[in-house]
Every structure is written in C-alpha cells, then in structure tokens.
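Descriptive structure summary
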Amino acid sequence: MKKLKLTTGLFLALLTVSSCGNNAENAENTVNESFKVYGNCGMCEKTIEGALKDIDGIYSADWDRQTKMMAVSYDKTKHNQRELKEKISKVGYDTEDTKSTAETYDQLPACCHYDRPEK
Ligand SMILES: [Cu+2]
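Residues numbered from 1 in each chain as written. Predicted model: local features only at pLDDT ≥ 70, side-chain atom pairs only at ≥ 80, totals over all residues. Heavy atoms only, no water.

An unreviewed UniProt entry annotates the protein as Copper chaperone CopZ originating from Lishizhenia tianjinensis.

Next comes the structure, spelled out in structure tokens:
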C-alpha cells in the first residue's frame, strides 16, 4: 500500500516537474494541495501563478479561472500553504485567509478588479 502511494506520488511529481522545469524533488516531501484564490480573468491567472513561479521547492501552481481554485505542488520542508497564500496576496489577490493590501489591489488592471470577499 505504501509503495503504491509512493509510486503515484512520483508519477504526479514527474508530471508537474515536466511542466514547469523546476529542479529535482523528493517525492516524499512533496504535497499537493488546493485552495481558493479570488480573481477574474486570464491576466489574473498569470499574476496569481506568477507569484509562485521560479521558486525553489514549488513544483507547480495552477489556478482555475472558473472554480477559482489554485492547485499547488511543493516541498513541505521548504514551504507551507500559509506562506504561499501570502505570496499571492502580495501581488494583489485575496485568499480565504490572507488579504492583499488596498494599494496593491488598486494597482491591478481594471479587468482584474475582482469582487473581494467580505470580512
Ligand atoms: Cu484579471
């Protein structure tokens, strides 16, 4: 059972590595998670995904415009979900538990002014 899980993980890892060209990863430390990121359009997608691009230990980041869900794959010894969310909020986007500043949000292109969640 454990072996099967490991094999699946490795397969996923290979898939994600090939898409973003990031360096060697340890399958045992790789976690795949998803969380909500508020946004609108294709430009949002670029900005949101760009926030997690080319960072050591982050293997993939894929945001779905329809569902607003961000799927990430990363090395849990180097990163955690909270930190990833903070990186995304830093470029202008809210998540369920991190917020962008009003200044950063205001600087987004007009088409990207998504409806911010309450609270
Ligand atoms: Cu946008």
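Picking up where we left off.
1. Concerning the overall build of the protein
The line we're drawing: Per the convention used, a helix needs a DSSP run of H or I reaching at least four residues, while a strand needs a run of E reaching at least two, with both numbered from the N terminus. Here the term buried applies to any residue with accessible area under 20% of the maximum for its type, exposed to any over 50%, and partly exposed to those in between, with areas from a 1.4 Å probe on protein chains only. We call two residues in contact whenever any of their non-hydrogen atoms come within 4.5 Å of each other. Working definition of accessibility: Shrake-Rupley area with a 1.4 Å probe, residue cover restricted to the visible protein chains.
Of the regular secondary structure elements, the protein holds four helices and three strands. In sequence order, the protein lays out its α and β elements as α-β-α-β-β-α-α. Among the 119 residues that make up the protein, the fraction classed as buried is 38%. Long-range pairs, those at least 24 residues apart, make up 50% of the contacts in the protein with a sequence separation of at least 6. As presented, the protein carries roughly 7300 Å² of accessible surface, and 54% of it is formed by carbon and sulfur atoms.

2. Things to note about the pattern of salt bridges
So the rule is basically this: Here, a salt bridge means any side-chain nitrogen of Lys or Arg that lies within 4 Å of a carboxyl oxygen of Asp or Glu.
On inspection of all chains with the given rule, the structure shows five salt bridges. Residue Glu86 pairs with Arg82 through a salt bridge whose shortest N-O separation is 3.1 Å. With Glu86 and Arg82 both in helix α3 (residues 81–90) and four residues apart, this pair spans about one turn of that helix. Where Arg116 meets Asp94, a salt bridge forms, and the shortest distance between an N and an O atom there is 2.8 Å. Within this pair, whereas Arg116 is found in the segment after α4 (102–106), its partner Asp94 is found in the loop between α3 and α4, the two being separated by 22 residues in sequence. Look at Asp94 and you get buried, because its relative accessible area is 0%.

3. Considerations on the sheet that holds strand β2 (residues 58–63)
Convention followed: What makes two strands pair is DSSP finding at least two bridges between them. A fitted line through C-alpha atoms serves as each axis, taken over the contacting stretch for helices, and the angle formed by two N-to-C directions is quoted from 0 to 180°.
Read from one edge of the open sheet, three strands run β1-β3-β2, paired in antiparallel fashion. With one partner strand each, in any of the chains shown, β1 (30–36) and β2 form the two edges of the open sheet. Taking each pair of neighbouring strands and ignoring which way they run, the sheet shows an average axis angle of 10 degrees. Across seven bridges, β1 lies against strand β3 (residues 69–75) in antiparallel orientation. Across the sheet, Lys36 pairs through a bridge with Met69, a residue of β3.

4. Description of unusual backbone geometry
A positive phi angle, close to 55 degrees, is found at Asp54, a residue other than glycine. With respect to the secondary-structure elements, Asp54 resides in the loop between α2 (42–50) and β2. For Lys68, which is not a glycine, the phi torsion comes out positive at approximately 65 degrees. Here Lys68 is to be found in the loop between β2 and β3. Given the relative accessible area of 23%, Lys68 is considered partly exposed.

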